[in-house]
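# Observations on chain architecture
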Amino acid sequence: MLLLTYILVGVVPLVLFTNTIFRTMNEYFVEERKKELLNQANILSGKISASHYLYDTKKRNEFDEEIRITSNQGNFRVLVIDASGIVVNDSSRQDIGKTYLVQEVIEALDNKDVSRQQEDGVIYATVSILDEYSNKIGVVLISALSDDVSATVGEIRNQSNLLLAVITIVVAILMYFATKIFIEPIKKVLSVIIKMSEGHFDQRIEIKGIRHNEIADLAFACNNMAEKLEQVDTSRQNFVSNVSHELKTPLSSIKVLSESILLQENVPQEMYVEFLGDIISEVDRMTEIINDLLTLVKLDQKEVPILFTETELNKLVIDIVKRMKPLANEKKIVLHYTFLKEAILADIDKTKFVLAISNLVENAIKYTAEGGSVTITIDSDHQNAFLSVADTGIGIAEDEINKIFERFYRVDKTRNRETGGTGLGLSITHSTILMHNGSIKVTSKEQEGTTFLVRIPLRQTA
């Protein structure tokens with residue numbers, strides 16, 4: 001199909017252009033032939049007038065010879081017609097004595113030199129014959145077929161058509177090989193994309209050599225897309241597995257506690273109260289997980305409306321610190337803040353932004369040992385606000401930094417029960433910051449601490 005398209009696009013315009021050229025050429029040759037016949041008619045008219053052929057009967061033979069020679073030399077027919085329209089001489093000797101009043105003769109008698117092609121292709125050239133007193137005494141009519149012109153143009157056309165056919169064949173051959181060179185890689189790319197659409201994300205396109213062209217770039221992009229899709233698929237599978245694990249644990253605890261009560265006889269009331277309290281704790285934990293999951297789903301699907309209002313960020317940070325102070329005091333952690341600007345106004349959704357920053361501060365406190373510190377710093381330039389949360393906690397390994405925003409991912413896997421939480425807080429924070437058209441970056445060193453840097457624009461555009 002592509003080869004046919006190339007041929008049509010390349011050859012059809014050339015054929016149309018060639019036809020236009022030949023039509024123009026034919027018109028040009030016809031015009032030249034008309035000029036030539038008109039010129040011959042004028043010359044012959046002058047000779048007839050000067051030699052008095054129409055009046056001097058003694059010069060009849062000479063008149064006939066002049067007409068015959070002129071006709072043979074020019075390869076056309078000559079008719080001499082008097083003022084009344086009677087043919088007085090004819091190079092073909094066919095119409096002598098007949099009336100010949102065609103339009104061109106009438107116009108010539110009206111003192112108009114005429115050269116015109118007829119519908120049958122015959123060219124008429126007529127010129128009036130004048131006597132010594134400038135009276136119109138007759139007309140010279142020269143008629144010639146345009147076959148010689150058509151034959152000349154036709155011969156050129158045939159040669160051009162032959163050349164065009166050769167060009168078409170050569171172009172078709174070249175396009176065939178060019179198409180194979182370009183289409184084969186595209187077919188491979190298409191094959192991989194089809195397999196990926198069927199769920200085979202492990203497919204890759206083999207790129208031979210390092211060629212920086214559109215096909216190679218397409219292959220690189222396709223491979224990169226396959227890697228991203230494979231990561232997404234792996235993340236989805238891990239997410240489902242983590243959800244199952246997180247929900248299975250409290251369910252197993254509830255089942256064990258319930259069975260313990262049911263299988264024992266004469267259980268004291270205090271034990272009922274204790275076990276039911278544990279069951280309620282596990283139910284609360286499941287509820288927290290489910291609520292966080294629903295929040296994430298709504299954020300992903302943009303179902304949660306975001307309402308931007310101008311908010312003073314320094315005051316917002318002070319309120320967050322006040323709420324987190326009791327949690328920090330329990331572990332004797334110093335929680336303080338630093339404002340580098342007196343007042344920073346930014347367009348934010350206050351409820352969602354407070355939740356995102358609170359998650360960062362709460363995590364910093366949870367993963368910082370007793371006696372450590374957590375510092376919140378806020379600054380701005382003329383376009384963005386910058387808020388950092390730095391702790392002196394356990395830190396994050398370099399190979400885990402890119403994974404911390406994954407759902408249910410915990411850096412401190414050995415302390416996931418002790419520190420609590422659902423493992424979804426950072427995912428919610430990350431989604432919230434993105435909804436604010438901002439970004440969040442992490443720098444960390446194990447056993448030295450972690451710093452989260454949040455950037456959001458001061459003004460949100462609709």
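For the structure, check the block above.
Residues numbered from 1 in each chain as written. Predicted model: local features only at pLDDT ≥ 70, side-chain atom pairs only at ≥ 80, totals over all residues. Heavy atoms only, no water.

### Some points on a nonpolar patch on the surface
Taken together, the side chains of Leu14, Phe17, Ile21, Leu163 and Ile167 make up a nonpolar region of the molecular surface, amounting to roughly 440 Å² of accessible area. At the level of elements, helix H1 (2-51) and helix H4 (147-197) are the ones that each hand at least two residues to the nonpolar patch. A per-element tally of the nonpolar patch places H1 first, with 3 residues. (Patch = residues over 30% accessible without salt bridge, like charges linked within 9 Å, V, L, I, M, F, W, Y side chains within 5 Å. Areas by Shrake-Rupley, 256 points an atom, 1.4 Å probe, with all protein chains shown as cover. Salt bridge = Lys/Arg side-chain N within 4 Å of Asp/Glu carboxyl O. Helix = DSSP H or I, 4+ residues; strand = E, 2+ residues; numbered from the N terminus.)

### What to know about helix H7 (residues 313-330)
The end-to-end C-alpha separation of H7 is 26 Å, in line with the 26 Å expected for 18 residues at 1.5 Å each. Along its length, H7 shows its largest kink, about 45°, at methionine 324, and proline proline 326 lies within four residues downstream of that point. Within the span of H7, buried status applies to Leu313, Asn314, Leu316, Val317, Ile320, Val321, Met324 and Ala328. Where H7 is buried, its residues touch strand S6 (309-312), strand S7 (334-339), strand S8 (345-348), helix H8 (350-366), strand S9 (373-380) and strand S10 (384-391). (Expected span 1.5 Å × (residues − 1). Bend = angle between axes of the 7 residues up to and from the residue. Buried < 20%, exposed > 50% of the residue type's maximum accessible area, 1.4 Å probe, protein only. Contact = heavy atoms within 4.5 Å.)

### Topic: the pattern of salt bridges
Summed over all chains, the structure comprises 19 salt bridges. Salt-bridge contacts for arginine 93 lead to aspartate 64; the nearest nitrogen and oxygen are separated by 3.6 Å. One end of the pair, arginine 93, is in the loop between strand S2 (87-90) and helix H3 (103-109); the other, aspartate 64, is in helix H2 (residues 60-74), and 29 residues separate them in sequence. In this structure, arginine 77 and aspartate 90 form a salt bridge, with 2.6 Å as the shortest nitrogen-oxygen distance. Of this pair, arginine 77 sits in strand S1 (residues 77-82) while aspartate 90 is found in strand S2, placing the two residues 13 residues apart along the sequence. Through salt bridges with shared partners, one network takes in Arg77, Asp90, Asp95 and Lys98.

### A few points about the sheet that holds S7
Within a sheet, adjacent strands bond to each other through the backbone by hydrogen bonds, running parallel or antiparallel. On the basis of which strands lie adjacent, the open sheet formed by 5 strands has the order S7-S9-S10-S12-S11 and mixed pairing. Whereas interior strands pair on both sides, the edge strands pair on one side only; in this sheet they are S7 and strand S11 (439-445). Geometrically, the sheet is characterised by an average inter-axis angle of 15° between neighbouring strands, direction not taken into account. Along the sheet, H7 makes contact with S7, S9 and S10, crossing S7 at roughly 175°. The strands that H8 touches are S7, S9, S10, S11 and strand S12 (449-457); relative to S10, the one it contacts most, it runs at about 25°. (Pairing = 2+ DSSP bridges. Axes fitted to C-alpha atoms, helices over the stretch in contact; angles between N-to-C directions.)

### Description of the pairing of strand S3 (residues 114-117)
Here S3 pairs with strand S4 (residues 122-130) via 4 bridges, running antiparallel. When the bridges of S4 are listed, serine 115 appears paired with alanine 125. Hairpin geometry of S3 and S4 is characterised by an intervening segment of 4 residues between the two adjacent antiparallel strands and by a positive phi of about 95° at glycine 121.

### Quick look at the packing of H8 against helix H10 (residues 425-435)
The geometry of H8 relative to H10 is characterised by a closest axis approach of 9 Å and an angle of 140° between their N-to-C directions. By the criterion of interaxial angle, the relationship of H8 to H10 is oblique. Crossing of H8 against H10: the hand is left-handed. Counted together, Lys352, Phe353, Leu355, Ala356, Asn359, Leu360 and Asn363 of H8 and Gly425, Leu426, Ile428, Thr429, Thr432 and Ile433 of H10 form the full contact between these two elements. Within the contact of H8 with H10, the residues separate by chemical class into 7 nonpolar, 5 polar and 1 charged. (Parallel < 35°, antiparallel > 145°, perpendicular 65-115°, else oblique. Left-handed = near helix turned anticlockwise from the far one by under 90°. Nonpolar A, V, L, I, M, F, W, Y, C, P; charged D, E, K, R; others polar.)

### Description of the packing of H7 against H8
Contact geometry of H7 with H8 gives a least axis separation of 10 Å together with a crossing angle of 40°. On the basis of the axis angle, H7 is oblique to H8. Like other packed secondary-structure pairs, H7 and H8 cross with a definite hand, here right-handed. Contacts from Leu313, Leu316, Ile320, Arg323, Met324, Leu327 and Ala328 of H7 reach H8 at Lys350, Phe353, Val354, Ile357, Ser358, Val361, Glu362 and Ile365. Split by residue class, the contact of H7 with H8 holds 11 nonpolar, 1 polar and 3 charged.

### Quick notes on the environment of glutamate 132
Looking at the secondary structure, you find glutamate 132 in the loop between S4 and strand S5 (136-145). A C-alpha to C-alpha distance of 9.6 Å links glutamate 132 and histidine 52, two positions 80 residues apart in sequence.

### Observations concerning unusual backbone geometry
Phi is positive for asparagine 437, which is not a glycine, with a value near 60°. Turning to its location among the elements, asparagine 437 is positioned in the loop between H10 and S11. Phi at glutamine 447 is positive, roughly 65°, even though this residue is not glycine. The exposure class assigned to glutamine 447 is exposed, which follows from its relative accessible area of 63%.

Scope: geometric values only; no functional claims are made or implied.
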